[in-house]
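Survey of secondary and tertiary structure
This is what each chain is made of:
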Amino acid sequence: VLVIEDVDNYTAPCSVQIFDKKGKLVYTNNRYTNTDGFQGLDDDGNELFAGTYYYVIKSQGKKGCTGFVDLIR
């Protein structure tokens, strides 16, 4: 599970997009919470391959942030 530190401090809604290494959008959640967040599945519920994925976090009134997450299976 991808846990975003201080996600509750982001202005709702908090949007998270996750991309694979080729830049393909594999996951999107426009109302992200740590309890109902990214769990290594794509938008269709399929397991993603182990590897590095890149995220973009956006929220109203805050500068977005980017980074990466390593998915280990």
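Look up a bit, the structure's there.
In this report, we go over the structure that sits alongside the text. (Residues numbered from 1 in each chain as written. Predicted model: local features only at pLDDT ≥ 70, side-chain atom pairs only at ≥ 80, totals over all residues. Heavy atoms only, no water.)

Assignment of secondary structure puts Val3 in the segment before β1 (14-19). Taking the relative accessible area as the measure of exposure, Val3 reaches 57% and is therefore exposed. Along the sequence, Val3 and Thr33 sit 30 residues apart, while their C-alpha atoms lie 8.4 Å from each other. (Helix = DSSP H or I, 4+ residues; strand = E, 2+ residues; numbered from the N terminus. Buried < 20%, exposed > 50% of the residue type's maximum accessible area, 1.4 Å probe, protein only.)

Another aspect to go through is the side chain of Asn29. Looking at the element boundaries, Asn29 is found in strand β2 (residues 25-29). Within the structure, the side chain of Asn29 is placed 3.3 Å from the backbone nitrogen of Tyr32, a separation counted as a polar contact. Beyond its immediate stretch of four places on either side in the chain, Asn29 contacts Cys14, Ser15, Val16 and Asp36. (Polar contact = N/O pair within 3.5 Å; in protein donor to acceptor, adjacent residues only side chain to side chain. Contact = heavy atoms within 4.5 Å.)

Turning our eyes to something else, we now look at the sheet that holds strand β4 (residues 62-71). The strand order β2-β1-β3-β4 describes an open sheet built from four strands, whose pairing is antiparallel. The outermost strands of the open sheet, each flanked by one partner alone, are β2 and β4. Between one strand and the next, the sheet's axes are offset by a mean angle of 20 degrees, whatever the strand orientation. Examined bridge by bridge, β1 and β2 share four bridges and lie antiparallel to one another. Pairing of Ile18 across the sheet is with Tyr27, part of β2. (Pairing = 2+ DSSP bridges. Axes fitted to C-alpha atoms, helices over the stretch in contact; angles between N-to-C directions.)

With that settled, the discussion passes to the packing of aromatic side chains. Per the counting criterion, the structure on display carries one aromatic pair. Ring geometry for Tyr27 against Phe38: centres 5.1 Å apart, planes inclined by 65 degrees, an arrangement best described as edge-to-face. Placement of the pair is Tyr27 in strand β2 and Phe38 in the loop between β2 and β3 (51-59), with a sequence separation of 11 residues. Each member of the pair, Tyr27 as well as Phe38, carries the same accessibility label: buried. (Phe/Tyr/Trp six-rings, centres within 6.5 Å; stacked < 30°, edge-to-face > 60°.)

When the charged atoms of two side chains lie near each other, side chains of opposite charge can form a pair. Overall, the coordinates contain one salt bridge when judged by the stated rule. Note that Arg73 is salt-bridged to Glu47, the shortest N-O span being 3.9 Å. With Arg73 in the segment after β4 and Glu47 in the loop between β2 and β3, this pair connects stretches of sequence that are 26 residues apart. Side by side, Arg73 and Glu47 carry an identical accessibility label, which is exposed. (Salt bridge = Lys/Arg side-chain N within 4 Å of Asp/Glu carboxyl O.)

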